[in-house]
Amino acid sequence: MEKVIVRIENMCQSYGKKNVIDDISIDVYEGEFLTILGPSGCGKTTILRAISGLDFIQSGKIMIDGVDVTYLDPTKREVNTIFQNYALFTTMSVEKNINFGLRMKHVGKEEIKKRTEEMLDLVKMGEFRNRKPRELSGGQQQRVAIARALINRPKVLLLDEPLSALDQKLRKQMQLELKNLQKKMGITFIYVTHSQDEALTMSDRIIILNEGKIQQIDTPHHIYSHPKTRFVADFIGDSNIFDGVVESISDEQAIVRVTEDIIFTLPSRGYKVGDNLSIIIRPENFTLEEEKNDKNLPLKIKNHIFDGAATQVIGTLSNRKEIKVELRKGSEDFKNRETVYLNYQTEDLIVLKGDSHEKV
Amino acid sequence: MKKYDSKIKWLILLPIIFYCLFLIVLPLLYIFIISFFQNDYYGGIIQVFTLKNYFQILDIVYIKVFLQSFLIAFMTTIICICIAYPFSLFVSEKKSRYKSIFLMLVIIPFLTNSLIRTYGWIVLLRKEGLINTVLSQLHLIDEPLALMYNNLGIIIGMVYTLLPFMILPVYSAVDKLDRSMLEAASDLGASKWQRFIHVIIPETLPGLFNGSLMVFIPAIGYFFISDLLGGGKLMLLGNLIKNQFLVARNWPFGASVSIVLIIITFFLVKLYKKAGGKMDDLGGF
């Protein structure tokens, strides 16, 4: 069993009347890259600030490495934070910024010098040591912020949307750098972002948060292939969601009616007639066919979108629902047809029971 | 059209030029010139060139006046800093509605003449004044505290009169300070005091310089505070200059002291600019 480095028990937090965090418990394992992912305002940053101690929680308990830190001052917690805007000290040089934490703790001069050099090497900022933050590019400022946190050898590094201020290309590059750094140092990262792309590429595990509640904690693969709630399915990746009702069950097969002429047949897993089901199909799990048969659905093509890597076909079904289909490499693109037929493999369907947040 | 425009421009500028020329430049020029003239025993000015007035300043008596003035001004500045920072940090944490109330409270006394406000302090500070009466009624003191007619009185008066000049620039710097920087500092293990010394002070240094200059320079010259609250016992530069012109009627000597004071002020402003201050920030009132 892996060691739990941060444990949050029954954390609640509200600002005014609004519940920002609603009874959340999380175990973070040593050395993992854990991402808290959710739309803005879902309470991600609140969790991070509770762990770092910048805000005290209203109820619940926070343990770091087995010690109850719920009421401990941020200066005494062995975690460090990378802030969204980096929050570098503008009047200090890169070097002074990096060793700020050690200077505050009155670490010996030799030790400070040694560890500063290590960090400057680690983030490749040696030649910029005397620059002020405003003389650095966004990516360089980011590196300084990372070094400034890591020099304290924290048990956990908290990252609050650290890449959001960077442009697309730099962001991709920093994602890799961060991931490599985390592997190299073996430090636990708790990473907050609203970008699913960042979450999926970097994380060992992802927590999906919405409106102060945990929707799912899982590996990136599992979150994508087995979303537990409609929210997760919708939030992670593109999905086409059909809401339908179980019409009849026979031979362990459930017939689910979405509209007059859209019907899904799927293996029943204890469904009852009248159950509300959400059926989710990822764009890449559709295939387009030329001929109609009794399973596939007619799709009126509206648009082809080419994003450099793949082509997406956007079309509408008979109920005017918009559908996204990602074409497989080398497959027919039906550029000159108005209507094609959508097919899918029954095992690719993700089925969630209606309003409940349980996966069925 | 162009000609017309420039005519209008001159028309608008004319009063300002007139003002500067006749109320600032010419009087200063006059002061500068008479500082090199001799005086006679009847308060007149003899138009004979001399450097006597400047050498006279080197007299130990006047050197002492300079030192006393700088000491008082220095202490006033330090005390103002010590009040302005806690105040600014306190107010900047408040909601914007309360912020403006607190700032109003700082600014409102400005609307009254500072001489009148200084008289107000006499009512509070003198032996039979409010503070001493209350304290002795409460049996906290046996005999009245000497709160005025000494250096303490001068410093109280100076701090009171000049405090807003410190608070406003310091506050505006503190208010602009990025809070996440302070959070980062405490995240990195800096205690409250360390945050103040290593982050807040360096980050608000321009405001601090600005305020110090706005307090220090007037503190050298405010003669009426020393007259009223110091009992005229302590001679400051402002008093010296005033006395030379109005009492001793030695205008050339008063003029030379004024010129030296102007030069010192000039160097202080130079120092401020060198430390990264902007001239615009000084003209805020």
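Residues numbered from 1 in each chain as written. Chains lettered and ligands numbered in written order. Predicted model: local features only at pLDDT ≥ 70, side-chain atom pairs only at ≥ 80, totals over all residues. Heavy atoms only, no water.

Trainee: Can you explain the overall build of chain A? Please cite residues and give values.
Mentor: Helix and strand counts for chain A come out as nine helices and 20 strands. Principal axes of the C-alpha set define a box for chain A whose edges measure 80 × 45 × 40 Å. Buried residues in chain A amount to 51% of all 360 residues. Long-range pairs, those at least 24 residues apart, make up 65% of the contacts in chain A with a sequence separation of at least 6. Surface exposure of chain A reaches about 17,500 Å², of which carbon and sulfur atoms provide 47%. Charge centroids of chain A, computed over 52 positive and 53 negative side chains, lie 7 Å from each other. (Helix = DSSP H or I, 4+ residues; strand = E, 2+ residues; numbered from the N terminus. Buried < 20%, exposed > 50% of the residue type's maximum accessible area, 1.4 Å probe, protein only. Contact = heavy atoms within 4.5 Å. Areas by Shrake-Rupley, 256 points an atom, 1.4 Å probe, with all protein chains shown as cover. Lys, Arg positive; Asp, Glu negative; His and termini not counted. Charge placed at Lys NZ, Arg CZ, Asp CG, Glu CD.)

Trainee: Tell me what's going on with the overall build of chain B, and back it up with residues and numbers.
Mentor: Helix and strand counts for chain B come out as 14 helices and two strands. With the C-alpha coordinates aligned to their principal axes, the bounding extent of chain B is approximately 75 × 70 × 35 Å. Counting only residues that meet the buried cut, chain B has 41% of its 285 residues in that class. Residue pairs at least 24 apart in sequence account for 65% of intrachain contacts in chain B once pairs closer than 6 positions are excluded. Taken as a whole, chain B presents about 16,600 Å² of accessible surface, with 71% of it coming from carbon and sulfur. Separation of charge centres in chain B, based on 24 positive and 15 negative side chains, amounts to 8 Å.

Trainee: Can you explain the pattern of salt bridges? Please cite residues and give values.
Mentor: Residue and element names in this part refer to chain A. Counted according to the given criterion, the structure contains 25 salt bridges over all chains. Here Arg-7 and Asp-27 are joined by a salt bridge, their closest N and O atoms 2.8 Å apart. On the criterion of sequence distance, the pair formed by Arg-7 in strand β1 (residues 4-15) and Asp-27 in strand β2 (residues 18-29) is long-range, its members being 20 residues apart. Taking the relative accessible area as the measure of exposure, Arg-7 reaches 30% and is therefore partly exposed. A salt bridge links Lys-155 to Glu-78, with the shortest nitrogen-to-oxygen separation between them at 3.1 Å. Linking Lys-155 in the loop between α5 (138-150) and β7 (156-160) with Glu-78 in the loop between β5 (67-68) and β6 (79-82), this pair joins segments that are 77 residues apart in sequence. (Salt bridge = Lys/Arg side-chain N within 4 Å of Asp/Glu carboxyl O.)

Trainee: Lay out the packing of helix α3 (residues 60-92) of chain B against helix α10 (residues 205-221) of chain B with the relevant residues and their values.
Mentor: Angle between the axes and distance between the axes: these two values describe a pair of packed helices. All names here are of chain B. Across the interface, α3 lies against α10 with an axial gap of 9 Å and an inter-helix angle of 140°. Between α3 and α10 lies a crossing of right-handed hand. Contacts from Ser-69, Phe-70, Ala-73, Phe-74, Thr-76, Thr-77, Cys-80, Ile-81 and Tyr-85 of α3 reach α10 at Leu-208, Ser-212, Val-215, Phe-216, Ala-219 and Ile-220. Looking at the contact of α3 with α10 residue by residue, the class counts come to eleven nonpolar, four polar and no charged. (Axes fitted to C-alpha atoms, helices over the stretch in contact; angles between N-to-C directions. Left-handed = near helix turned anticlockwise from the far one by under 90°. Nonpolar A, V, L, I, M, F, W, Y, C, P; charged D, E, K, R; others polar.)

Trainee: Explain the domain arrangement of chain A to me, and be specific about the residues and the numbers.
Mentor: Residue and element names in this part refer to chain A. Per the domain assignment, the segments making up chain A are domain 1 (4-235) and domain 2 (240-353). A straight line from the C-alpha centre of domain 1 to that of domain 2 covers 39 Å. Opposite the nine residues of domain 1 that make contact, domain 2 presents eight residues. Together domain 1 and domain 2 conceal approximately 710 Å² of surface at their shared face, both sides included; 52% is due to carbon and sulfur atoms. Our count for the contact surface shared by domain 1 and domain 2 stands at one salt bridge. Measuring nitrogen to oxygen at the nearest pair gives 2.6 Å for the salt bridge that ties Arg-230 to Asp-243. (Domains from an automatic or database assignment. Buried area = accessible area lost by both parts, 1.4 Å probe.)

Trainee: I'd like to hear about the packing of aromatic side chains, residue by residue, with values.
Mentor: Residue and element names in this part refer to chain B. Applying the stated criterion to the full structure yields 23 aromatic pairs over all chains. Between Phe-245 and Trp-251, the ring centres sit 5.2 Å apart and the planes meet at 65°, which makes this aromatic pair edge-to-face. For Phe-245, a relative accessible area of 14% puts it in the buried group. By relative accessible area, Trp-251 is classed as partly exposed at 29%. (Phe/Tyr/Trp six-rings, centres within 6.5 Å; stacked < 30°, edge-to-face > 60°.)

Trainee: Break down the sheet that holds strand β20 (residues 350-353) of chain A for me, with residues and values.
Mentor: Residue and element names in this part refer to chain A. The strand order across the open sheet formed by five strands is β13-β12-β11-β14-β20, and the pairing between neighbours is antiparallel. The outermost strands of the open sheet, each flanked by one partner alone, are β13 (262-267) and β20. Each adjacent strand pair in this sheet contributes to an overall mean axis angle of 35°, direction not counted. Summarising the sheet, strand β11 (residues 240-250) and strand β12 (residues 253-259) pair through five bridges and their orientation is antiparallel. (Pairing = 2+ DSSP bridges.)

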